[in-house]
Every structure is written in C-alpha cells, then in structure tokens.
Amino acid sequence: KLSMDKHIFITREETERILETEPRQGKRNLPWQLSEGIKLPFNLLEDTNTVNEPEVHDTEGDYWECLKGDVVFTVGGKLMNPRNVKKNEWKGDGIEGGEEVVMRPGDRLWIPPGTPHSHKKLDGTAYLMITKIR
C-alpha cells in the first residue's frame, strides 16, 4: 500500500487517458488510479461551462497549470462581501479591481495566499492542474 512518505509517479499516458474522458457539465476533480486513501497535494480539475465563486485562502497559495482548453481567471483586487466558509478560506460576491488572465495549454499561474481569485469557463471544457502550497 502506498503512503505519502513514498514518491508517486504518474505517467503522461495516464494523464492523457484522463483528459480523454467524456466531460460533464460543471466542475469536478478527475481521479488518477491510485490506492484508496491517497490524497495528493495536487488535483486535475475538469471545468465545463462554469463560473466559480471568488475566493481567498489565508494560508495557502494556488499553482495552476492549463493542460487543455482555455479559461479566464480574475486575480487580485478586493473580495467583495467576504464571508468565512471554512478555516482560512473566504468566499465573496465578486472581485473589485482584479486583473483578467486568459490561460491556454502550457500556461501557468501562481496565486499567493491572501489573493482574491476566481475562474470561469463559459464555452467548452478546460483541464487544469492545481497544486495547493502552504
């Protein structure tokens, strides 16, 4: 059985296999074929025709990589009407003064802790790798 104190190798072929699955409406994490109970510090996100609620993480940053499709992020500015949804995480009604960034395959985006952000995919599907960094 794998444990988090051992390395985990995921092949390009495994990632490509996952990227070829039939997309579903909305947002979901796509699983790699790992042993049960393994929680990686990164996820493969499928985003189809969605607009995500703006958020801020107090203690962790998000490192995004676009693998397929394109997606628009709004980053920075001020979170409007913030409400605490869980420890060290806030959601809001919008972002005032943020910058829009369009991510395409091969693009990467670092969002430091404390930075408001949201993303949307209004037409089609995007596949993004997200790594949470504390």
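The rules behind the values
- Residues numbered from 1 in each chain as written.
- Predicted model: local features only at pLDDT ≥ 70, side-chain atom pairs only at ≥ 80, totals over all residues.
- Heavy atoms only, no water.
- Salt bridge = Lys/Arg side-chain N within 4 Å of Asp/Glu carboxyl O.
- Helix = DSSP H or I, 4+ residues; strand = E, 2+ residues; numbered from the N terminus.
- Buried < 20%, exposed > 50% of the residue type's maximum accessible area, 1.4 Å probe, protein only.
- Arc of directions from axis to C-beta.
- Contact = heavy atoms within 4.5 Å.
- Phe/Tyr/Trp six-rings, centres within 6.5 Å; stacked < 30°, edge-to-face > 60°.
- Core = buried A, V, L, I, M, F, W, Y, C linked by side-chain atoms within 4.5 Å.
- Pairing = 2+ DSSP bridges.
- Polar contact = N/O pair within 3.5 Å; in protein donor to acceptor, adjacent residues only side chain to side chain.
- pLDDT = per-residue confidence, 0-100.

**Considerations on the pattern of salt bridges**
Scanning all chains against the criterion turns up 16 salt bridges. Arginine 83 is the partner of aspartate 93 in a salt bridge, and the nearest nitrogen-oxygen pair spans 3.8 Å. Of this pair, aspartate 93 sits in the loop between β8 (89-91) and β9 (94-96) while arginine 83 is found in strand β7 (residues 83-86), placing the two residues 10 residues apart along the sequence. With relative accessibility at 34%, the residue arginine 83 sits in the partly exposed group. Connected through salt bridges with shared partners, the residues Glu55, Lys86, Glu89 and Lys91 form a single ionic network.

**Some remarks on helix α1 (residues 12-19)**
Every buried residue of α1 is listed here: Glu14, Thr15, Ile18 and Leu19. Summarising the axial view, the buried residues of α1 lie within an arc of 140 degrees, below the 170-degree limit, and thus occupy one face. At its buried positions, α1 is contacted by β1 (26-30), β2 (42-51), β4 (61-68) and β12 (117-133).

**Structural notes on the packing of aromatic side chains**
The description of an aromatic ring pair uses the distance of the two centres, along with the angle that the planes make with each other. Taken as a whole and judged by the stated rule, the model has 1 aromatic pair. Both rings, one in tryptophan 64 and one in phenylalanine 73, keep their centres 5.0 Å apart while their planes meet at 65 degrees; by these two values the pair is edge-to-face. The pair tryptophan 64 / phenylalanine 73 is uniform in exposure class, with both members buried.

**Some thoughts on the nonpolar core**
Ranked by size, the top nonpolar core spans 12 residues in total: Leu45, Trp64, Cys66, Val71, Phe73, Val75, Met103, Leu109, Ile111, Ala126, Leu128 and Ile130. Looking at this core, the elements with two or more residues in it are β4, β5 (71-75), β11 (108-111) and β12. Each residue touching tryptophan 64, except ones within four places of it in the same chain, is listed here: Leu45, Phe73, Met103, Asp107, Arg108, Leu109, Ile111, His119, Leu128, Met129 and Ile130. If you look at the next biggest cluster of nonpolar residues, it comprises 5 residues, including Ile18, Leu30, Leu44 and Tyr127.

**Quick look at the pairing of β2**
Here 5 bridges tie β1 to β2, and the two strands are oriented antiparallel to one another. Across the sheet, residue asparagine 29 finds its bridge partner in β2, namely leucine 45. As judged from the 9 bridges shared by β2 and β12, these two strands associate in the antiparallel manner. Its bridge partner being in β12, glutamate 46 is matched across the sheet by tyrosine 127.

**Examining the environment of lysine 132**
Structurally, lysine 132 is set in strand β12. In the structure, lysine 132 is positioned 91 residues away from proline 41 in sequence and 5.9 Å away in space, judged by C-alpha atoms. At 3.3 Å, the side chain of lysine 132 forms a polar contact with the side chain of histidine 57. Of the polar contacts made by the side chain of lysine 132, one reaches the side chain of aspartate 62; its length is 2.8 Å.

**Considerations on the pairing of β7**
Direction of pairing for β7 relative to β8: antiparallel, over a ladder of 3 bridges. Of the residues in β8, the one forming a bridge with arginine 83 is lysine 91. Between the antiparallel neighbours β7 and β8 lie 2 residues, among them asparagine 88 with a positive phi of about 65 degrees.

**Let's talk about the confidence of the model for the chain**
With 90% of its residues at a pLDDT of 70 or more, the chain shows a mean pLDDT of 89. Per-element averaging of pLDDT across the chain places β1 at the bottom with 86 and strand β6 (residues 78-80) at the top with 98.

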